[in-house]
Amino acid sequence: MEQQQNPLPDGKGATVVCARCGKKAKGAQPTWTCSVENRTRRYFCDDCARANIRAIEGRLDSSWW
């Protein structure tokens, strides 16, 4: 699956897309995780973040998990 890259949400109803599963949400979600990989901001929904929390905390790029 091609990972989508998202700019910083402006809080005005911008759609944020999970870079792992493609789930969409309106605006910045407080339970989602934001990661910067190769100078690109990526967002992960709470389900994907929970499933991969050790890799995220270990600062592994999402391509490793």
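Above this text you will find the structure in question.
Report on the accompanying structure. All residue numbers here refer to positions counted from 1 along the written sequence of the relevant chain. Given that the model is predicted, a residue must reach a pLDDT of at least 70 before its local features are reported, and side-chain atom pairs must reach 80 or more before they are shown or counted; all residues, however, enter totals for whole chains, interfaces and linings. Heavy atoms throughout the structure, all of them, feed into the side-chain values; hydrogens and water do not.

## Things to note about the pattern of salt bridges
Thinking step 1. Salt bridges are defined as contacts in which a side-chain nitrogen from Lys or Arg sits within 4 Å of a carboxyl oxygen from Asp or Glu. Applying the stated rule across the entire model yields two salt bridges.
Thinking step 2. Glutamate 37 is the partner of arginine 42 in a salt bridge, and the nearest nitrogen-oxygen pair spans 3.3 Å.
Thinking step 3. Only protein chains enter the accessibility calculation, which uses a 1.4 Å probe. A residue is then buried if its area is under 20% of the maximum for its type, exposed if over 50%, and partly exposed in between. With a relative accessible area of 13%, arginine 42 lands in the buried category.
Thinking step 4. Taking the relative accessible area as the measure of exposure, glutamate 37 reaches 5% and is therefore buried.
Thinking step 5. A salt bridge links aspartate 47 to arginine 50; the nearest nitrogen and oxygen atoms lie 3.8 Å apart.

## Details of the pairing of strand E4 (residues 40-44)
Thinking step 1. Only DSSP runs of H or I covering at least 4 residues are called helices, and only runs of E covering at least 2 are called strands; the numbering of each starts at the N terminus. Within E4, four of the five residues are buried, which leaves it mostly tucked inside the rest of the structure.
Thinking step 2. Strand pairing is assigned whenever DSSP detects at least two bridges linking the two strands. Across five bridges, the pairing between strand E3 (residues 33-37) and E4 is antiparallel. Counted as the bridge partner of serine 35 is arginine 42 from E4.
Thinking step 3. Count of turn residues in the E3/E4 antiparallel hairpin: two residues, of which asparagine 38 carries a positive phi of about 50°.

## So, the environment of cysteine 34
Thinking step 1. One can find cysteine 34 in strand E3.
Thinking step 2. Through-space distance from the C-alpha of cysteine 34 to that of cysteine 18 is 9.6 Å; in sequence the pair is 16 residues apart.
Thinking step 3. Residue contacts for cysteine 34: discarding those within four places in its chain leaves Arg41, Arg42 and Tyr43. Note on contacts: a residue pair is in contact if any heavy atoms of the two residues lie within 4.5 Å.

## As for unusual backbone geometry
Thinking step 1. The residue asparagine 38 is not glycine, and still its phi comes out positive at about 50°.
Thinking step 2. Among the secondary structure elements, asparagine 38 is positioned in the loop between E3 and E4.
Thinking step 3. Residue arginine 39 is not a glycine yet carries a positive backbone phi of 65°.
Thinking step 4. Relative to the assigned elements, arginine 39 resides in the loop between E3 and E4.

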